[in-house]
Amino acid sequence: MKTLIIIKPDAVQRGLIGEIIGRFEKIGKILGLKLLLMDKERAQRLYSVHEGKPFYDELVDYITSGPVVVGVLDGENIIKIAREILGATNPENAVAGTIRGDFGLDVGKNTVHGSDSVKSAEYEIPIFFSENELVDR
Ligand code: DAT
Ligand code: MG
């Protein structure tokens, strides 16, 4: 099972890449990893399920506001486990010890993304990685 994780601009800006990758590395196998600046079109594809919601424009503006690190993690039950270490969407509700609980700034600048289902992961991963960029050996 695979999931897409994103270290969002607020975390990259604060020098948290290593800390956060370290946490992901403990729960799964990294098959792909890169730093990039998302353009608006790619952000809109990533967040297409949120189109029309009141926070959609803000979300797209934010995720394109600075570099992000995107990665693919592999492991048994990895989607659920990664969501658990992410913590609640709103850092105010996120438990200490979760990434958002420890580092999240607000419901928008919440530090990390993780696919929420197999269907989402299968949609999100190809937005950032081609098959030959994922190394599983
Ligand atoms: P998650 O990232 O936990 O899967 P989501 O899919 O519901 O949460 O929303 C995607 C992102 O949109 C989320 O990480 C931050 C932003 N967001 C969600 N709800 C929001 C709200 N009420 N106000 C502002 N931004 C919000
Ligand atoms: Mg989501």
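Residues numbered from 1 in each chain as written. Chains lettered and ligands numbered in written order. Predicted model: local features only at pLDDT ≥ 70, side-chain atom pairs only at ≥ 80, totals over all residues. Heavy atoms only, no water.

### Some remarks on the packing of aromatic side chains
The line we're drawing: For this analysis, a ring pair means two rings from Phe, Tyr or Trp (six-membered ring only for Trp) whose centres lie within 6.5 Å, classed as stacked if their planes differ by under 30 degrees, edge-to-face if by over 60, and tilted for the remaining angles. A ring is scored as having a charge over it whenever the NZ atom of a lysine or the CZ atom of an arginine sits within 6 Å of its centre and within 35 degrees of its normal.
Under the criterion given, the structure shown has zero aromatic pairs. Between the NZ or CZ atom of Lys34 and the centre of the ring of Phe129, over which it lies, the distance is 4.6 Å.

### Remarks on helix α5 (residues 78–86)
Operational definition: Buried, partly exposed and exposed residues are distinguished by accessible area as a fraction of the type maximum, computed with a 1.4 Å probe on protein chains only: under 20%, between the cut-offs, and over 50%, respectively. Runs of E in the DSSP output that reach at least two residues are strands. Runs of H or I that reach at least four are helices, and both are numbered from the N terminus. By definition, the arc is the one covered by directions from the helix axis to the C-beta atoms. The contact definition used throughout considers only heavy atoms, calling two residues in contact when any of these lie within 4.5 Å.
Within α5, burial applies to Ile78, Ile79, Ala82 and Leu86. The buried side chains of α5 occupy one side of the element, clustering within an arc of 100° when seen end-on. Those residues of α5 that are buried are in contact with β1 (2–7), α2 (17–27), β3 (68–74), α6 (99–103), β4 (112–114) and α7 (118–128). Residue Gly87 follows α5 closely and has a positive phi angle near 90°.

### Remarks on the pattern of salt bridges
Quick reminder of the rule: Note on definitions: salt bridges are taken to be side-chain nitrogens of Lys or Arg within 4 Å of carboxyl oxygens of Asp or Glu.
By the definition in use, this model includes six salt bridges. A salt bridge links Arg14 to Asp10; the nearest nitrogen and oxygen atoms lie 2.6 Å apart. Salt bridges linked by common partners bring Glu19, Arg23 and Asp102 together as one network.

### Overview of the pairing of β3
Buried residues dominate β3, accounting for seven of its seven residues. By the alternation rule, side chains of β3 split into Val68, Val70, Val72 and Asp74 and Val69, Gly71 and Leu73, which are all buried.

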